[in-house]
Amino acid sequence: MNDTQLKDAVVTMMCENRRKTVGHVYTLPSPQSYPYQWLWDSCFHAIILSHFDIANAKEELLSLAVRQFENGMIPHMIYWERSEAAEHDVFNVAWGKKDTSSLTQPPMLAYAVWRIYQLDYDITFLKSMYFALFHFYKYLLNERDPYEKHLIGIINPDESGEDNSPRFDALLDLPPVHTSEENFKRRLALVEENRVCNFDAPFCMKNFFWVKDVPFNAIMVENLRTLSKIAGKLGYSYDALYFNEEAERIASAMRLLMFEDGMYFATQGEHYGKIKVKTWATFAPLFALIPTRSEAERLVQEHLTNEKEFATPFSIPTVAADDPSFNPEGFWRGPVWIAVNWFVFQGLLKYGFNEHANVIYQHSRKLIEQSGFREQFHPYTGAGYGAKNFTWGGLVLDMMETQNTDLIVPEKFKMEQQH
Ligand code: GLC
């Protein structure tokens, strides 16, 4: 496939998956498997669409704001159109509320808004998203950090976007090897607890499930910095200062509470104990420039390029190949996911590790060319699994355009910052 063919394939898929309902436009991650709107998926969609359809990229994000809760949370699923059959499907009945889920997902929204703004400098679009952004990030800062340690908590594994990742096994009381049904049952039980306590997140965290996850917090840091830029553009200088300070507080807390022996680990519960499971999450802080240059080098040399861990023939596996929970066909327990590759690719570029970023891009592209737009891929064979016509493969287009236009970045890179 050449670049034009790849772009055409992405455009076709994104058009096929687009839906319009009661005035709102959004994209299904996969028509057969995921027939609703998902929060972080829509942010990925906006990034993909920004390369060929800015108007729909904006619509995709505006529609998320429509179902924002009064407390500011944006739900991770919106069921715009519920057919009879859909009322009995697992997403709809199980996730807490009638028209939306009761959970959220990694906060990529500010980043997606800013990417679009940088293409056409449409200040009206920034203004129309600001209220939703302000309240969403304030909600996370206020409601998801009850001990004020500056790490944002999740109340269910699904809020990480990595539903059955082994990072959450211990808290779900599950061994490294178990069935996906057992895993799903535990996660649904948490949704039920959440519903019973009337969606009181601090209460749920303290009593049922409380993880401060690495990618979620790294994404939060990068997005708060971006939100600070958005606030600045709109002339809200107090907000700009505030969001930037909060970003740096979280970045420091991540280094203090998550970092050990050269790796980043999620922490759990009120004691913030580290969950020492080796997953791709250790690379997520690169996306927010949190590790120093030498720490980043160590992550690359000792882990990313280590064949026993993350340097599989198709990289990068979501779980290190030598972790006891690794399962190359296990959904979030080993297979390659293109959005994960995208985060690591972006992070590596920020440090000027262009060659390593290029390897990830080439592998991602090969996976799509060989197996199509599948949800996940086997890290040794490249075989595709799960949902078909799955939109995340479209992020390869963003990697391609980045490679073609923006390869030289080291000047962006403020190394050996004030750590
Ligand atoms: C799966 C993924 C989640 C994604 C959803 C829709 O549940 O784990 O991250 O948002 O599918 O694509």
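Read on for a plain summary of the structure. What you are looking at is a predicted structure, and each value in this text was computed from that prediction instead of being measured.

1. Observations regarding the nonpolar core
Core analysis: the biggest nonpolar cluster contains 136 residues, and Leu61 and Tyr137 have the highest contact counts within it. Ignoring anything within four residues of it in the chain, the contact list for Tyr137 reads Pro107, Met108, Leu109, Ala110, Met220, Asn223, Leu224, Leu227 and Phe243.

2. Digging into the pattern of salt bridges
It is possible for side chains of opposite charge to pair when their charged atoms get near one another. In the structure shown here, the tally under the stated rule is 25 salt bridges. With a shortest N-O distance of 2.7 Å, Asp158 and Arg187 are connected by a salt bridge. Taken together, the residues Asp158 in the loop between helix H6 (123–143) and helix H7 (180–196) and Arg187 in helix H7 connect sequence positions 29 residues apart. Of the two residues, Asp158 and Arg187, neither departs from the other in class, the shared state being buried. As a salt-bridge pair, Arg249 and Glu245 come within 4.0 Å of each other at their nearest N and O atoms. Here Arg249 pairs with Glu245, and both are found in helix H10 (residues 237–258), just four residues apart, close to one helical turn. Look at Arg249 and you get partly exposed, because its relative accessible area is 36%. Taking the relative accessible area as the measure of exposure, Glu245 reaches 39% and is therefore partly exposed.

3. Here we look at the site of the ligand
Taken together, the residues surrounding the ligand are Pro29, Tyr34, Trp38, Trp40, Asp41, Gln105, Gly161, Asp163, Trp332, Phe390 and Trp392. Within the side chain of Asp41, a nitrogen or oxygen atom sits 2.6 Å from an oxygen atom of the ligand. At 2.9 Å, a side-chain N or O of Gln105 approaches an oxygen atom of the ligand. Within the complex, 96% of the 310 Å² of free accessible area of the ligand lies under protein. For the shell around the ligand, the class distribution of residues is seven nonpolar, two polar and two charged.

What counts and what doesn't
Residues numbered from 1 in each chain as written. Predicted model: local features only at pLDDT ≥ 70, side-chain atom pairs only at ≥ 80, totals over all residues. Heavy atoms only, no water. Core = buried A, V, L, I, M, F, W, Y, C linked by side-chain atoms within 4.5 Å. Buried < 20%, exposed > 50% of the residue type's maximum accessible area, 1.4 Å probe, protein only. Contact = heavy atoms within 4.5 Å. Salt bridge = Lys/Arg side-chain N within 4 Å of Asp/Glu carboxyl O. Helix = DSSP H or I, 4+ residues; strand = E, 2+ residues; numbered from the N terminus. Near = heavy atom within 4 Å. Polar contact = N/O pair within 3.5 Å; in protein donor to acceptor, adjacent residues only side chain to side chain. Areas by Shrake-Rupley, 256 points an atom, 1.4 Å probe, with all protein chains shown as cover. Nonpolar A, V, L, I, M, F, W, Y, C, P; charged D, E, K, R; others polar.

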